[in-house]
Amino acid sequence: MNTATHTLDGPGGHTHQPGGLLRWLTTTNHKDIGTMYLSFSLLMFFVGGAMILAVRAELFQPGLQLMRPEFFNQLIGVHALVMIFAALMPAATGFANWMIPLMIGAPDMALPRLNNWGFWLLPPAAILLTLPFVLALFGIGDGAVATGWTLYAPLSVQGGIGVDFAIFAIHILGISSIMGSINIIATLLNMRAPGMTLMRMPLFCWGWLVTAVLLIITLPVLAGGVTMLLTDRHFGTHFFDAAGGGDPILFQHLFWFFGHPEVYILLLPVWGLMPHVLSTFSRKPIYGHTGQVWSFVAIGVLGLVVWGHHFMTAGLPVPALLYFMYSTMSISLPLAVLFFCWIATMWRGAMSFETPMLFAVGFIVLFGIAGLTGLVLADVAADAQYHHSYFVVAHFHYALFAGGIMGVMTGVYYWLPKWTGHMYSEKLGKLHFWLTVISFNLTFMPQFFLGLAGMPRRIPDYALQFAEFNAISTVGSFVLGLSQLLFAYNIWRCIKGGEKASNGVWEGTRGLEWELSSPPPHHSWETQPVIKD
Amino acid sequence: MNSAHASAPHSGHYYVPQPSLYPFFLSAGMFLLALGFILQMNRFAPGPWVMAAGAGVIGFVLYRWFGAVIAENQRGDYTGWEDKSFRPGMVWFIGSEVMFFAAFFAALFYCRHISVPALAGMDPAFTLYKDFTAAWPSAGPKGASFTPMGAWGIPAINTALLLSSGITLTWAHWGLMKGRRTQLNLGLILTVLLGVVFLGFQAYEYHHAYTELGLTMGAGVYGATFFMLTGFHGFHVTLGAIMLAVVAGRCLAGHFDAKRHFAFEAVAWYWHFVDVVWLLLFVVVYWL
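All residue numbers refer to position in the chain's written sequence, counted from 1. Whichever chain is written first becomes A and whichever ligand is written first becomes 1, with later ones labelled in order. Since the coordinates come from a predicted model, pLDDT governs what is reported: local features require at least 70, and pairs of side-chain atoms require 80 or more to be given and counted, while whole-chain, interface and lining totals use all residues.

Asks: Report on the overall build of chain B, specifying residues and quantitative values.
Replies: Within chain B one finds 7 helices and 1 strand. Under the scheme used here, helices are H or I runs from DSSP no shorter than 4 residues and strands are E runs no shorter than 2 residues, and both carry numbers assigned from the N terminus. Of the regular secondary structure in chain B, the N- to C-terminal order runs β-α-α-α-α-α-α-α. Both definitions apply: the radius of gyration is a C-alpha atom measure, and the globule rule equals 2.2 Å times residues to the power 0.38. Here the C-alpha radius of gyration of chain B, 24 Å, is well above what a compact globule of 288 residues would show, namely 19 Å. Seen along its three principal axes, the alpha-carbon backbone of chain B occupies a region of about 80 × 50 × 45 Å. Counting other C-beta atoms within 10 Å of a residue's C-beta gives its exposure: the residue is buried at 20 or more, exposed at 12 or fewer, and partly exposed in between, where C-beta atoms are placed from the backbone. Counting across all 288 residues of chain B, residues that qualify as buried make up 36%. When contacts within chain B are restricted to residue pairs at least 6 apart in sequence, those whose partners lie at least 24 apart make up 70%. Think of it this way: build a C-beta for each residue from its backbone, and any pair within 7 Å is a contact.

As structure tokens, then:
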């Protein structure tokens with residue numbers, strides 16, 4: 001064992017790095033933990049995807065063919081919880097773990113053991129979410145949570161054992177995210193290379209700093225809300241029961257105080273990484289670094305005060321409706337700043353279109369559709385028509401699949417050579433992009449029309465006039481799902497071998513992370529670099 | 001932005017702990033505790049046993065994990081650089097706790113100022129609860145009737161106890177800063193004792209509420225917010241008292257000096273946070 005390279009591991013100077021499974025159970029290394037987060041995320045992406053393909057299969061034709069409505073309800077709720085909490089959030093945390101120490105010139109994350117705990121809380125939570133499906137097979141309970149991911153009272157107060165499992169899964173996921181956020185904040189505040197002021201910090205790090213603060217502000221409120229739900233269910237309280245002076249709408253307030261910032265929690269890391277990718281493949285510096293930083297902050301702050309637009313049809317008083325409408329619409333201002341900065345970064349650049357760049361440009365176009373349809377939904381009068389329809393489903397999948405997941409794919413293709421030391425297959429990557437972007441639109445574009453025509457969300461059966469668009473959507477979803485196997489295969493191939501990646505990987509890269517070898521050494525920056533301008 | 005690989009102004013040596021099994025087992029313990037609780041609430045026989053196993057694992061791992069951290073600290077593994085990571089860590093952790101309490105305070109304000117008046121103000125043609133009038137405290141239209149808890153008995157005494165404990169803790173801190181170890185130890189022990197007496201009064205108050213006032217978890221939104229707010233606060237006092245007791249034990253063992261005592265400060269921050277939550281509770285739950 002070469003001990004000379006491991007001088008940072010405490011007084012003995014030895015790293016007793018165990019091998020095999022024990023390495024992953026015990027690791028305190030930010031790269032190992034990042035790899036675990038990303039692998040877990042990919043696995044759960046397929047789990048959540050399989051659930052929703054079953055749902056789309058049921059929706060291929062009108063009528064009930066494949067499953068009971070109760071099981072349909074369980075699938076859509078757990079699909080959302082899995083995709084949000086177990087696929088998208090861990091992917092972003094995996095990025096943070098891998099890239100933040102490399103980008104800011106740190107040896108590791110600030111709190112390495114806490115970091116490991118943050119990851120190992122995820123598998124228990126994922127088991128709690130999905131266990132009721134298995135228990136139901138043995139006649140225990142009536143399956144997983146069947147309320148949709150929003151857990152609205154009173155349905156969730158009356159629901160079966162699956163609701164309890166979901167409540168505790170959310171508690172554990174929340175603890176995991178808060179621990180991760182504390183670690184990221186401590187790292188960004190304390191571990192930056194000398195000379196890297198906050199305003200010089202890379203945008204990806206800024207995106208995560210705002211994300212971490214939002215998580216710490218909002219997740220405990222969700223924890224409080226689901227705790228009230230638990231006591232209403234089992235300990236006789238009346239938080240959400242009018243008979244005791246409570247109100248089911250209170251749950252919606254508590255849920256969406258978390259739920260709306262959650263959208264930005266999912267998207268800010270992606271907005272942070274986009275400018276890096278656009279700048280690399282346009283071979284130009286990032287346009288408007290400072291403007292983007294303040295846009296992140298503005299979106300974070302505004303995101304905390306607009307939650308009511310998720311239930312504008314629930315009977316809020318008119319002044320509240322107006323407030324939530326205008327405050328929501330005002331978010332489009334800082335978001336527009338980001339869009340124009342992305343475009344300006346590409347403007348007159350020497351652009352090339354490797355896979356990450358394709359995903360980045362696809363992201364801008366499709367996420368733009370999410371933003372514009374969001375403005376439509378923010379309008380109180382229009383929302384009265386579109387609320388709870390497939391229009392909403394299409395809108396948030398443009399935001400969270402095209403914005404979130406495609407953003408994650410951008411990052412994976414961009415950084416994979418840095419992580420593995422090998423280039424992935426560009427041919428497969430491009431095929432994956434085109435299949436994804438075409439089948440994504442095939443799946444979700446028809447859902448806008450379905451929603452405008454009046455098809456409600458969360459139903460297993462529908463009227464005949466919706467049949468054609470649903471059939472198209474189902475075909476699209478299966479192509480979309482299957483093309484993701486290409487993604488997994490490409491990653492696996494890249495881990496196994498391939499053309500050697502240079503330190504800088506891409507032609508136009510800038511920043512500390514590209515100065516280290518690919519893959520980087522065990523302790524990323526044993527000696528901190530000093531930043532001079 | 002150019003970088004030069006010169007050595008940094010820190011010692012340049014950040015302590016990255018050895019690989020550790022504690023986090024994995026702590027997660028496993030939490031899984032068992034949650035699973036057991038779910039089973040117990042839904043009346044499956046193994047529930048309490050699974051819960052007990054989970055709690056046991058959690059307790060054991062925390063004991064060992066914190067023990068390891070204390071040993072690392074005493075060995076001198078942590079320098080000023082690590083210390084600067086711990087501080088924002090603790091601050092943001094307390095921040096998350098603040099938001100957890102904020103959810104319950106928000107529920108209290110919502111029920112008091114929005115849902116109860118709205119229920120009383122509904123058009124008689126459209127409501128089940130024609131005779132319900134808005135007042136506070138309220139059990140709602142159908143909650144169990146109760147007598148509210150007065151502010152100027154035990155709650156006022158408890159306020160005095162917690163405020164005094166904040167003073168004794170600061171007195172102990174002064175002792176630490178000036179090297180007066182007896183003052184430090186005495187101040188900490190007094191603080192723990194005041195916390196324990198507070199919890200004793202709280203337990204008595206709950207007993208009184210349930211047996212004589214009819215004030216229960218089921219007593220409408222007042223009972224719900226009362227017990228959840230004071231209950232979670234009491235839980236935090238318990239945690240704080242345990243942490244203070246550990247710090248007191250470390251002080252008796254000669255740990256900490258005027259310059260290096262992050263654990264003391266972190267626990268002190270936590271204790272003051274719990275104190276401030278109580279003051280808010282006293283004003284909006286008991287008094288107004």
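Okay, back to it.
Asks: Just give me the short version of the overall build of chain A, but keep the residues and values in it.
Replies: Across its full length, chain A carries 17 helices and 1 strand. Here chain A has a C-alpha radius of gyration of 23 Å; the compact-globule value for 533 residues is 24 Å, and the two agree. In terms of principal-axis extent, the alpha carbons of chain A reach across some 65 × 50 × 45 Å. Within the span of chain A, comprising 533 residues, buried residues form 59% of the whole. Across chain A, the fraction of contacts at a sequence separation of at least 24, relative to all contacts at a separation of at least 6, is 81%.

Asks: Give a description of the interface of chain A and chain B that names residues and reports values.
Replies: Contact residues are listed per partner, giving 70 residues for chain A and 63 residues for chain B. Among the elements of the structure, helix H1 (20-26), helix H4 (112-120), helix H5 (122-137), helix H7 (161-190), helix H8 (203-234), helix H9 (248-282) and strand E1 (530-532) of chain A are those that each provide at least two residues to the side of chain A that touches chain B.

Asks: Got a sec to walk through the nonpolar core? Specific residues and values, please.
Replies: We define a nonpolar core as a collection of buried residues of the types Ala, Val, Leu, Ile, Met, Phe, Trp, Tyr and Cys that are connected via C-beta atoms lying within 7 Å of each other. Leu88(A), Leu129(A), Ala166(A), Ala169(A), Ile172(A) and Ala34(B) are the most contacted members of the largest nonpolar core, which has 250 residues in total. Here this core gets 23 residues from one element, more than from any other, and that element is helix H3 (residues 69-104) of chain A. Segment limits for the domains were obtained from an automatic or database-derived domain assignment. Among the domains, domain 1 (18-77) and domain 2 (80-287) of chain B are the pair contributing at least three residues each to this core. Sequence-distant contacts of Leu88(A), defined by excluding residues within four places in its chain, comprise Met83(A), Leu266(A), Leu400(A), Gly404(A), Ile405(A) and Val408(A).

Asks: Break down the domain arrangement of chain B for me, citing the residues and quoting the values.
Replies: Here chain B is partitioned into domain 1 (18-77) and domain 2 (80-287). Measuring from the centre of the C-alpha atoms in domain 1 of chain B to the corresponding centre in domain 2 of chain B gives 25 Å.

Asks: Tell me what's going on with the environment of Val301(A), and back it up with residues and numbers.
Replies: Turning to its location among the elements, Val301(A) is positioned in helix H10 (residues 289-303). In sequence terms Val301(A) and Ile331(A) are 30 residues apart; their C-alpha atoms lie 9.6 Å from each other.

Asks: Can you explain the packing of H3(A) against H7(A)? Please cite residues and give values.
Replies: Residues and elements named next belong to chain A. Contact geometry for H3 and H7: axes closest at 11 Å, N-to-C directions at 15°. For the element pair H3 / H7, the angle class is roughly parallel. Note that H3 runs across H7; the crossing there is left-handed. Contact residues: Gln 74, Leu 81, Phe 85, Met 89, Thr 93, Ala 96, Ile 100 and Ile 104 in H3; Gly 162, Ala 166, Leu 173, Ser 177, Gly 180, Ile 184, Thr 187 and Leu 188 in H7. Residue classes in the contact of H3 with H7 are distributed as 10 nonpolar, 6 polar and no charged. Axis lines are fitted to C-alpha atoms, over the contacting stretch for helices. Their N-to-C directions set the angle, which ranges from 0 to 180 degrees. Any angle from 65 to 115 degrees is called roughly perpendicular, while one under 35 is roughly parallel, one over 145 is roughly antiparallel, and all others are oblique. Left-handed describes a crossing whose near helix is turned anticlockwise from the far helix by less than a right angle; the clockwise case is right-handed. Gly falls in the polar group here, along with every residue not listed as nonpolar (Ala, Val, Leu, Ile, Met, Phe, Trp, Tyr, Cys, Pro) or charged (Asp, Glu, Lys, Arg).

Asks: Run through H8(A), naming residues and quoting values.
Replies: Residues and elements named next belong to chain A. A helix's residues, less one, multiplied by 1.5 Å, set its expected span. With 32 residues, H8 extends 46 Å from end C-alpha to end C-alpha; this agrees with the ideal 46 Å at 1.5 Å per step. Most pronounced at Ile 216, the bend in H8 amounts to some 30°, and the proline Pro 220 follows within four residues. Of all 32 residues that make up H8, 30 are buried, and the element is covered over most of its length. Following H8 by one or two positions, Gly 236 adopts a phi angle in the positive range, close to 75°. Bend, in this description, refers to the angle at a residue between axes fitted to the seven residues ending there and the seven starting there.

Asks: Would you mind going over unusual backbone geometry in detail, with residue names and values included?
Replies: Residue and element names in this part refer to chain A. Between Ala 153 and the following residue, Pro 154, the backbone shows a cis peptide bond with an omega angle of 5°. Secondary-structure assignment places Pro 154 in the loop between H5 and helix H6 (155-158). The omega torsion across Ser 518 and Pro 519 is -5°, close enough to zero to call that bond cis. Within the secondary structure, Pro 519 sits in the loop between helix H17 (467-496) and E1. Of note in the backbone geometry, Val 505 takes a positive phi value of approximately 60° without being a glycine.

Asks: Requested: an account of H5(A), with residues and values cited.
Replies: All names here are of chain A. An ideal rise of 1.5 Å per residue puts 22 Å on 16 residues; H5 measures up with 24 Å between its terminal C-alpha atoms. Of all the bends found along H5, the most pronounced is centred on Thr 130 and spans about 40°, while Pro 132, a proline, follows it within four residues. Within H5 the residues assigned to the buried category are Leu 122, Pro 124, Ala 125, Ala 126, Leu 128, Leu 129, Thr 130 and Pro 132. Downstream of H5 by a residue or two, Gly 139 has a phi angle that is positive, lying close to 80°.

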